[in-house]
Amino acid sequence: MSSLKTSVVYKKANGSLACDKRHLIWTPSIPSGVTPSLKIAVADITNLQQTGEASAKVALKVLVKDVSYVFSFTSKDEARKEQVAVTDTLRDAIATLKAAAASSLAPAVGTPGAAQNGGGDTGQSSSMAIAKALSAKPQDEGWYDDARLKSDFQLQRSLLESSKALDERFRQALRDKPETVSVPQFTAQFWSTRLHLLRAHAMEKSQKESEYNILPEIKYNTIIGADGEPIKMLNMTKEQVSLIFKQYPVVRQAYNETVPKPFADPKIFWSRFFASRLLKKLKEKNDPTDPALDRYLEYQEASGPASTAHIPHIIDLEGNEQNTKFHLEGDYEMRAAKHDRPILHLLNQMSEKLLSHVAPEDGDAHAPIGMDEGTFEQLQLRDLAMQDIDNRVVLNVREQQRYTGASGEDELSADARLYAKQDPNRVISSLQNDVQPQNLGSDEQGTLRLDRVLGYDSDDGDEDMDDEPNGVHTNGTSTRKVSIRVGSHAALTGASSSILSSMSQRRRNASTDAHGLNGLSQSVFDTLTITHNTTTEFLHYFWTLFLSGDSSRTSELTGLVSTLDRSLDRINAVGEQAEKERQERLEKMRGQVKEYFQRTGKKRRIDESAVGGGKAVVDEMVRPTVGALKQASEAYRRALEVQMREVAVGGQGSVG
Amino acid sequence: MNAVDATDRAATQEEVEAPSLLTIILDTNPHAWALLADSLPLSKAVANLLVFINAHLAINYANRVAVVVSHSERAEWLYPTPADATLEQAHSNGDGENGNRAGTGGAVQPPDDANKYRPFAQLEYAIMTNLQRLMCTTTPAAISSAPSTMLAGALTRALAYISKQSASTNPTTTATTHFNYSDPSSVAGGNSLNPSDDTTTTSRSNQRLTTRILIVSVSGDLAETYIELMNAIFACQRLSIPIDVLKLAGDPTFLQQAADTTNGIYLSLSNPLARAGMLQYLMFAFLPDAAARERLVMPGEGEGVDFRAACFCHKRVVDIGFVCSICLSIFCEPLADGTCLLCGSHLSMANYGQKPVVVARPKKKGKKKRVVDGGVETPGSGRETPAPG
């Protein structure tokens, strides 16, 4: 076993690090010949980290679950080389261990049939085997591990295969992705937002159908042979054989013990087996029941071992009458023979009547039942209604003042800033004046003459727009050049029409929901849907990357921004396609009108606005998406501008 | 003759329209109304509202109304007049300081006028005097410190009133007294806050009281009370009380959501012309009650509802925010110590929400370190964090 030995410092103590295919062993060097004080099994290692290539310090960090061990390599010249060697050895060892684990698990699970199914994906066979092995162990908590879900390509592929919409979205997004984004990066991003789907799919896959009982499935085919005699043919597949062996170990044993010696040919074994009493015995457990004939079966076996088994009298229905010590004479209504006596019916009827006056549990608890309130009060099941214990959890936002108190002037809304300009004293006094009774049309007795205040006069036209209505207080602000009088005819008409238009819009929305295409053809609509989907995908990706603060992925980000711009182009292209379609349709209609004119001499008008579709409809549909795109690229440009400036300043600073 | 019993009578009562309770929340933020003084002074708006209320009361004799003001620093009842205010009012009238200031219409009781339906006069009088009192007791200091309005409080008061009224409409006690039209102290539709007084007109029918809320709003900046406001809105949704919103000015964010979630009508009168037609909007759009609305196409802006939320930490309205995976609280920026302010769960951000880096930098050590720090705090390492699965 090749073993590698290097000198390292661990926890500030010099020592040597030895590494073979199974263990990583650290031995302190000070008391020479001491036993290794740290032994890490390779199988336990979850991660390896090393210092950067250019770094002066050479160290290796070994992560075992939550514990990490840092070894600094001390060899003067060879430190880097040694570290690389150790790392490589470990990496290989881990890889072989994993592969071994996978292959050892695979045959345990992979029935021949399953192996055939997977045969198409030879390139992925090892990871597939792992996936299989894992899916065979549903108790494995690994499915809750995000990282594993993200890296399980086989699972992802199978999820894509099972969901067509997702597959389409994935492919389209993959096609449109920017060059700077590599496929692994893209897929990682794509799945990171869909971990829940992956998890659900993994669960689903792990719940496979259990094995069925194989023996009753194997049937003879009867063929009339050449000599006129019926020949019984038995066809068995390899899978069936293995299932038989699996489900009935005794058959396997029989096969092992008999096939080479008494029976030269497995065929003979099987033909004998299917004619044997062994088969009958095995099948017995699973025979279909026959109500007519099965009782004879039981009758025959009355003297058999089954009937002598002890049955406690208390649960033995037949034994009750004779064997129990209790005599049931007292319980008149309990006796089977007396179940149909009239008195029992009477009792039942009375119970029914009683219950009919009790408030049903699912009804309105307060509604009176029956005629009399007093009876209802008595009958209401108070202990059941409206008495549930209030088990709410009170949640409070803690330390809120810490945040809200700090809001500065710049956080004031536009409204608040307008308010701040007003003098509170004047505001209040003007309002106090405003709510005086005479402003509400109070007459001498104090009755409000609202009709006067409203100033509504059905005869007034638009000409008196500037009129001050009677008795309206001008509250001192003489600067107002009265524009529209409250309650004027024009204002009311305007209000009516605006309400009516909003109503008709609502009705339109409600009625077109069924089709929802707004005149677009199905193909254009589908294209638009896909474009929208991919755009959303890239927006997700953009924000994740943009807010990750990862400076090593800036080029990826730049590429993504250009993709967002291209998404806009794609949306526009769909719009143009729709517009073209619309024009074609219009053209066709115009042609029809022309033909009609030539034929009949009558002109017909076409309502062009009634023809739906076109770019306008597309733009309307994707308006939010376009808005989101704009916001994303604006955020990017702003950040870019600021940071370019910073870099420029910083660059000068470092040069100077 | 034999058919005269309670069951048959109940059946005939089914034909009567169910009574409807309209609760109006009037935003009286003085600042906002001062800004609107040119196009729609408060007095005009109130006059329009009074006409609307009268129309509502006239539709069905059993209809009721309640008016709450959401003032700049408090929420108060305009109608029905709360009991303590009635006392106080009687007091000040005795001094002759408040009540008779205008010389007209300042009587203790509403004036008797043969030309006016008595309930209308009472209601108008109560609203007017209460509004005057409200304005008189408002101090400049109070409105300068509070830029917005107590809408959440007003909604809560309205909800409490509604639930009280609904409970008393389907009474469990047998009240057999009848509404006395000749009694001058009884109020239209039994609008007393005390439920035992007004079980009279409607107690005999088993129909449920249909209720709705109309918010006449003039101010934005509701994010300050976001949680309370949304709680009230969801309570309305649960009780299926539609919230209608008439927005005269201000930022619409949450009220639009309120109307949308509770299936109410949202109308925004953003320009002076539209505001001048306020009465028409009220009568046309908001007068039909829930029963009528089932058969009508409702007006209002159904599209483009602003569904943004306010964060729990700074009360900012956010486009993109951070949500606690345990209790769904919203935050506008990553929390400093990674602990949810609401449920105390320990959260980790991995490396999302960092300051964007769009220009590659040669020196990246410091940056990296921060990322590692964030990554170490894996979710689930905190003891009290429930397993997110």
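Let me begin by describing the structure that accompanies this report. (Residues numbered from 1 in each chain as written. Chains lettered and ligands numbered in written order. Predicted model: local features only at pLDDT ≥ 70, side-chain atom pairs only at ≥ 80, totals over all residues. Heavy atoms only, no water.)

## Some points on the overall build of chain B
And step 1. Each helix and strand counted, chain B has 13 helices and ten strands in total.
And step 2. Taken over 389 residues, chain B has a buried fraction of 53%.
And step 3. Sequence-distant contacts in chain B: of pairs separated by 6 or more residues, those separated by 24 or more amount to 70%. (Helix = DSSP H or I, 4+ residues; strand = E, 2+ residues; numbered from the N terminus. Buried < 20%, exposed > 50% of the residue type's maximum accessible area, 1.4 Å probe, protein only. Contact = heavy atoms within 4.5 Å.)

## A word on the overall build of chain A
And step 1. What chain A contains, in helices and strands, is 26 helices and nine strands.
And step 2. Residues counted as buried form 31% of the 656 residues belonging to chain A.
And step 3. Residue pairs at least 24 apart in sequence account for 52% of intrachain contacts in chain A once pairs closer than 6 positions are excluded.

## Observations concerning the packing of aromatic side chains
Residue and element names in this part refer to chain A.
And step 1. Across all of its chains, the model carries 22 aromatic pairs over all chains by this definition.
And step 2. The interplanar angle of 70 degrees and the centroid separation of 6.4 Å between the aromatic rings of Phe542 and Tyr636 together place this pair among those described as edge-to-face. Of the two residues, Phe542 sits in helix H23 (residues 522-546) while Tyr636 sits in helix H26 (residues 623-655), which places them 94 residues apart along the sequence. Neither Phe542 nor Tyr636 differs from the other in exposure class; each is buried. (Phe/Tyr/Trp six-rings, centres within 6.5 Å; stacked < 30°, edge-to-face > 60°.)

## Some details on the side chain of Asp434 of chain A
And step 1. Mapped onto the elements of the fold, Asp434 of chain A is located in helix H20 (residues 424-434).
And step 2. On the basis of relative accessible area, Asp434 of chain A is assigned to the buried category, the value being 2%.
And step 3. Ignoring any residue separated from it by four or fewer positions in sequence, one finds Asp434 of chain A in contact with Asn439 of chain A together with Pro41, Leu42 and Ser43 of chain B.

## A few points about helix H19 (residues 414-421) of chain A
The α-helix advances 3.6 residues per turn, and as a result positions three or four apart in sequence lie on the same side.
And step 1. Residues Asp415, Ala416 and Tyr419 of chain A constitute the buried set of H19 of chain A. Buried positions in H19 of chain A, seen along its axis, are confined to an arc of 95 degrees and lie on one side of it. Turned more than 90 degrees away from the buried face of H19 of chain A sit Ala414, Ala420 and Lys421 of chain A, all of them exposed.
And step 2. Against the buried residues of H19 of chain A lie helix H2 (30-36) of chain B. (Arc of directions from axis to C-beta.)

## Details of helix H9 (residues 238-247) of chain A
And step 1. Regarding H9 of chain A, the residues found buried are Gln240, Val241, Leu243, Ile244 and Phe245 of chain A.
And step 2. In this structure, the buried side of H9 of chain A is in contact with helix H10 (249-258) and helix H11 (266-274) of chain A.

## Details of the pattern of salt bridges
And step 1. Tallied over the entire structure, the rule returns 15 salt bridges over all chains.
And step 2. The salt bridge involving Glu73 of chain B is made with Arg74 of chain B; its shortest N-O contact spans 2.6 Å.
And step 3. The network of salt bridges with shared partners includes Arg169, Arg194 and Glu537 of chain A. (Salt bridge = Lys/Arg side-chain N within 4 Å of Asp/Glu carboxyl O.)

## Here's the deal with the environment of Ser219 of chain B
Residue and element names in this part refer to chain B.
And step 1. Mapped onto the secondary structure, Ser219 falls in the loop between strand E4 (210-217) and helix H8 (226-238).
And step 2. Sequence separation between Ser219 and Pro30 is 189 residues; the distance between their C-alpha atoms is 9.6 Å.
And step 3. Of note is the side chain of Ser219, whose polar atom sits 2.6 Å from the side chain of Asp27. (Polar contact = N/O pair within 3.5 Å; in protein donor to acceptor, adjacent residues only side chain to side chain.)

## Topic: the packing of helix H3 (residues 42-59) of chain B against helix H11 (residues 278-286) of chain B
Residues and elements named next belong to chain B.
And step 1. Where H3 meets H11, the axes come as close as 9 Å, and the angle between the chain directions of the two elements is 25 degrees. As the angle between them shows, H3 and H11 are arranged roughly parallel. Crossing angle aside, the handedness with which H3 passes H11 is right-handed. For the pair H3 and H11, the contacting residues are Ala45, Asn48, Leu49, Val51, Phe52 and Ala55 in the first and Met278, Leu279, Leu282, Met283 and Phe286 in the second.
And step 2. Grouping the amino acids of the contact of H3 with H11 by side-chain chemistry returns ten nonpolar, one polar and no charged. (Axes fitted to C-alpha atoms, helices over the stretch in contact; angles between N-to-C directions. Parallel < 35°, antiparallel > 145°, perpendicular 65-115°, else oblique. Left-handed = near helix turned anticlockwise from the far one by under 90°. Nonpolar A, V, L, I, M, F, W, Y, C, P; charged D, E, K, R; others polar.)

## Let's talk about unusual backbone geometry
Residue and element names in this part refer to chain B.
And step 1. That bond from Tyr79 to Pro80 is cis: its omega, -5 degrees, falls within 30 degrees of zero.
And step 2. Even without being a glycine, Asn263 presents a positive backbone phi close to 65 degrees.
And step 3. Residue placement: Asn263 occurs in the loop between helix H9 (253-261) and strand E6 (266-268).
And step 4. Not every positive phi belongs to a glycine, and Leu328 is a case in point at roughly 65 degrees.

## With respect to the nonpolar core
All names here are of chain B.
And step 1. Grouped together as the largest cluster of nonpolar side chains are 60 residues, with contacts concentrated most on Trp33 and Leu246.
And step 2. Top element by residues in this core is H3. It accounts for eleven residues.
And step 3. Setting aside residues no more than four positions away along its own chain, Leu246 makes contact with Leu214, Ile215, Val216, Ser217, Leu267, Leu269, Met278, Tyr281, Leu282 and Phe286.
And step 4. Residues Leu229, Phe254, Ala258 and Leu335 belong to the second largest nonpolar core, which totals 48 residues. (Core = buried A, V, L, I, M, F, W, Y, C linked by side-chain atoms within 4.5 Å.)

## A word on the sheet that holds strand E3 (residues 75-79) of chain B
All names here are of chain B.
And step 1. The strand order across the open sheet built from six strands is E3-E2-E1-E4-E5-E6, with neighbouring strands paired in mixed fashion. Only two strands of the sheet have a single partner each, and these edge strands are E3 and E6. Across the sheet, the axes of successive neighbouring strands diverge by a mean angle of 20 degrees, strand direction being ignored.
And step 2. Here seven bridges tie strand E1 (residues 20-27) to strand E2 (residues 64-70), and the two strands are oriented parallel to one another. Its bridge partner lying in E2, Thr23 is registered against Ala66. (Pairing = 2+ DSSP bridges.)

## Quick word on empty space enclosed by the protein
And step 1. The tally for this structure, following the rule as stated, stands at four cavities of 30 Å³ or more.
And step 2. In this structure, the second largest cavity encloses a volume near 50 Å³.
And step 3. Around the second largest cavity, the lining residues are Gly446, Thr447 and Leu448 of chain A together with Pro110, Pro111, Lys116, Ala121, Glu124, Tyr125 and Met128 of chain B.
And step 4. Residues that form the lining of the second largest cavity fall into these classes: six nonpolar, two polar and two charged. (1 Å grid on protein atoms, 1.4 Å probe; cavity = no way out; pocket = protein on both sides within 12 Å on 5 of 7 lines; lining within 4 Å. Points joined across faces, edges and corners; volume = space filled by probe spheres on them.)

## Considerations on the packing of helix H5 (residues 153-162) of chain A against helix H6 (residues 164-176) of chain A
All names here are of chain A.
And step 1. Two elements in contact, H5 and H6, have axes whose closest approach is 5 Å; the angle formed by their N-to-C orientations is 115 degrees. Along the contact surface, H5 presents Leu159, Leu160 and Ser162, while H6 presents Lys164, Leu166, Asp167 and Phe170.
And step 2. The class makeup of the residues in the contact of H5 with H6 is four nonpolar, one polar and two charged.

## Some words on the environment of Arg566 of chain A
Residues and elements named next belong to chain A.
And step 1. As for its placement among the helices and strands, Arg566 is situated in helix H24 (residues 554-600).
And step 2. A residue is classified by how much of its surface remains accessible, and Arg566, at 36% relative accessible area, is partly exposed.
And step 3. In sequence terms Arg566 and Thr535 are 31 residues apart; their C-alpha atoms lie 9.5 Å from each other.
And step 4. Leaving out residues up to four positions away in the same chain, Arg566 has contacts with Asp176, Lys177 and Pro178.

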